[in-house]
Amino acid sequence: MLIQKIMVIGAGQMGSGIAQVAAQAGFQVIMQDIKDEHLSRGFKGIEKNLARYVEKGRISEEEKEQILARIQLTTELTLASEADFIIEAVTENMEIKTQIFQELDRIAKPEVILASNTSSLPITEIAAVTSRPGQVIGMHFMNPVSVMPLVEVIRGLATTDEVYQSVENLAKTLKKTPVEVNDFPGFISNRVLLPMINEAIYTVYEGVATPEAVDKVMKLGMNHPMGPLELADFIGLDTCLSIMEILHDGLGDSKYRPCPLLRKYVKAGWLGRKTGRGFYVYE
C-alpha cells in the first residue's frame, strides 16, 4: 500500500528521532505517547535538532516549520486507524510491547505493517500476539536516529518477502541504509556491541583500570569515536543491563552474563546521562 502517514508509538529519544526523520522525508507523522509531557519533551528535542540544521545552513527556517507542521502529537492510540505504517518505539519490555501490538492489531487497517524498533527482543514472539504475523517486522534504528545511517531490518519467522521489501524501501526513503538480519537475540549490533561494553565494565569491576583509562585505550588504540563506558552512559545503563539479560537468557552462554557492577549501578539509579550519573558524572 502507498505510505503517506506514519505513526510512531513512543516519544522518547528513539521515537522522537524516528518521527523527525519521517517528517523530514515528507511523511505526515503521528507521534503518540501516554503522557503529554513526554510528547512535549520529544517535540522540543525535534525542534532543537532542526534549529541546529538551520544554523548550519542545511535547511531553511521555512523548511524547519514545514517539517514540524507535519508532526501531529497525541496520547490516543486509536489514531492508529489513520496510519499507513506504524513503528513502535517504547521501552524494552516484552509485556508492554505485546500489549501495544495487540491493540495496534485491533485498531490498524488490515493491510498495515506493524514494525518494532526493539533493539534485542524477538520479533517472532511480538508477531505471535497479532492476527497478522506476516506483517510484523523489526526496524531497529541506531541512536541518535537523526545522525546514524543504519537500520537493522529484522525478519520474524512469519514475515513475508513483500513486507520485508516494503520496509527496506521505506528505510531508503528515510535516507537510511537497511541491513537484513534474522531473528536472534540482540540481532547483530547489540550482540557484538553489548558484550564489549560488558567486558569494559568488568575491567573496572576487577580493578584493571579506571573508566577514563578504558575509554582512552579504546578511542586512541582502536579508533572508536566514543569509549565503551561513555557509550554505555549515553545508551543508558538500564538499557544495557536489559539487553545483556536478553542475550544471556536467549543464548544461554555464560559469556553474556551481566557484570555485577552494571547491576549495582542500575539498582543505585546511576543510569548514565539521563540521571546525571553513571560511569561519569554529568551536569
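From a predicted model like this one, the values you see are computed outputs, not experimental measurements.

Parameters and conventions
Counting of residues starts from 1 at the beginning of each chain's written sequence and follows it residue by residue. Reporting of local features is limited, given that this is a predicted model, to residues whose pLDDT is at least 70; pairs of side-chain atoms are given and counted only at 80 or more, and all residues count toward the totals for whole chains, interfaces and linings. Water and hydrogen atoms play no part in the side-chain values, which are based on all heavy atoms of the structure. Only runs of H or I of at least four residues qualify as helices and only runs of E of at least two qualify as strands under DSSP, and these elements are numbered from the N terminus. Think of a polar contact as two N or O atoms within 3.5 Å of one another; within protein, one of them needs to be a possible hydrogen donor and the other a possible acceptor, and neighboring residues in sequence only count if both atoms come from side chains. In what follows, residue pairs with any heavy atoms lying within 4.5 Å of each other are defined as contacts. Buried residues of nine kinds, namely Ala, Val, Leu, Ile, Met, Phe, Trp, Tyr and Cys, make up a nonpolar core once their side-chain atoms join them within 4.5 Å. Relative accessible area decides the class of each residue, using a 1.4 Å probe on protein chains only: under 20% of the type maximum gives buried, over 50% gives exposed, and in between gives partly exposed. Like charges are joined within 9 Å and nonpolar side chains (Val, Leu, Ile, Met, Phe, Trp, Tyr) within 5 Å, but only among residues with over 30% relative accessible area and no salt bridge; these make up the patches. Per-residue accessibility takes into account occlusion by the displayed protein chains alone, with areas from the Shrake-Rupley method and a 1.4 Å probe. Definition used for salt bridges: Asp or Glu carboxyl oxygen within 4 Å of a side-chain nitrogen of Lys or Arg. Positive charges are assigned to Lys and Arg, negative charges to Asp and Glu, while His and the chain termini are left out of the count. Every charge is mapped to an atom, namely NZ of Lys, CZ of Arg, CG of Asp or CD of Glu. Put simply, two rings from Phe, Tyr or Trp (the six-membered ring, in Trp's case) pair if the centres are within 6.5 Å, and we call them stacked under 30 degrees between planes, edge-to-face over 60, tilted for the rest. UniProt positions are given in the numbering used here, feature names are shortened, and annotations may be inferred rather than shown by experiment. Our arc is simply the arc of the directions from the helix axis toward the C-beta atoms. Two cysteine sulfur atoms form a disulfide, by the criterion used here, when they sit within 2.5 Å. For two strands to be treated as a pair, DSSP must find at least two bridges joining them. By definition, the crossover connecting two strands over a helix is right-handed if that path, from the first strand to the second, turns clockwise as seen with the strands pointing away from the viewer.

Let's shift gears to the side chain of D84. Tracing the backbone through its elements, the reader meets D84 in the loop between β3 (71-74) and β4 (85-88). A distance of 3.1 Å separates polar atoms of two side chains, one belonging to D84 and the other to K109. Setting aside anything within four residues of it in sequence, one finds D84 in contact with M1, L2, I3, Q4, K5, K109 and V112.

Grouped together as the largest cluster of nonpolar side chains are 39 residues, with contacts concentrated most on I6, F85, I87, I137, M139, F141 and V167. Contact partners of F141, with chain neighbours within four places excluded, come to M14, I18, I87, N117, L150, V151, L174 and K176.

This part takes up a positive patch on the surface. Side chains of K48, R52, K56 and R58 sit close together on the surface and give a patch of like positive charge. Structurally, R58 is set in the loop between α2 (36-55) and α3 (61-69).

So, on to unusual backbone geometry. Note that the residue after N143, namely P144, is joined by a cis bond; omega there is 0°. With respect to the helices and strands, the residue P144 is situated in the loop between β6 (136-141) and β7 (150-155). Despite not being glycine, K175 has its phi angle at roughly 65°, a positive value. With respect to the secondary-structure elements, K175 resides in the loop between α6 (161-173) and β8 (177-182). With a relative accessible area of 75%, K175 lands in the exposed category.

Within the structure shown, the criterion is met by three aromatic pairs. When the ring of Y202 is compared with that of Y205, the centres are 6.2 Å apart and the planes differ by 70°; the resulting orientation is edge-to-face. Remark: Y205 and Y202 occur in helix α7 (residues 189-205); sequence separation between them is three residues, near one turn of the helix. Given the relative accessible area of 10%, Y202 is considered buried. The class of Y205 is partly exposed, set by a relative accessible area of 45%. With centroids separated by 5.2 Å and ring planes inclined at 70°, the aromatic side chains of Y265 and W270 adopt a geometry described as edge-to-face. According to the relative accessible area criterion, Y265 is buried, its value standing at 15%. A relative accessible area of 29% means that W270 is categorised as partly exposed. Taken together, the aromatic side chains of Y265, W270 and F279 make up a single cluster linked through ring pairs.

Attention now moves to the pattern of salt bridges. If you walk through the whole model with that rule in mind, you get 14 salt bridges. The salt bridge involving R155 is made with E180; its shortest N-O contact spans 2.6 Å. Separated by 25 residues along the polypeptide, R155 in strand β7 and E180 in strand β8 bring together distant segments of the chain. Taking the relative accessible area as the measure of exposure, R155 reaches 16% and is therefore buried. Here the salt bridges do not stand alone but share partners, grouping E61, K64 and E65 into one network.

Another point: the UniProt feature "site: Important for catalytic activity" (unreviewed entry) in the protein chain. According to UniProt, the positions carrying the feature "site: Important for catalytic activity" (unreviewed entry) are H140. Note that H140 resides in strand β6. At a separation of 2.8 Å, a polar atom in the side chain of H140 contacts the side chain of E152.

Moving on, we get to helix α9 (residues 228-235). Those residues of α9 not exposed but buried are P228, L229, A232 and D233. Viewed end-on, α9 has its buried residues packed into an arc of 145°, placing them on one side of the element. Here the buried face of α9 lies against α7, α8 (211-222) and α10 (237-251). Count one or two residues on from α9 and you reach G236, which has phi positive near 110°.

This part takes up the state of the cysteines. Per the stated rule, a full pass over the model turns up zero disulfides. Left without a disulfide partner, C240 is nearest to the cysteine sulfur of C259, which lies 12 Å away.

Another point: the UniProt feature "domain: 3-hydroxyacyl-CoA dehydrogenase C-terminal" (unreviewed entry) in the protein chain. Following the UniProt record, the feature "domain: 3-hydroxyacyl-CoA dehydrogenase C-terminal" (unreviewed entry) maps to residues 186-282 here. Annotated as 63% helix and 0% strand, the span residues 186-282 places its first and last C-alpha atoms 28 Å apart.

To continue, consider the pairing of β7. The element β7 is largely enclosed, with a buried count of five among its six residues. In this structure, β6 lies alongside β7, joined through five bridges in antiparallel fashion. Residue M139 lies in a different strand from β7, and its bridge partner there is V153. Pairing between β7 and β8: six bridges, direction parallel. Bridging across to β8, V153 finds its partner in E180. Crossover connection from β7 via α6 to parallel β8: handedness right-handed.

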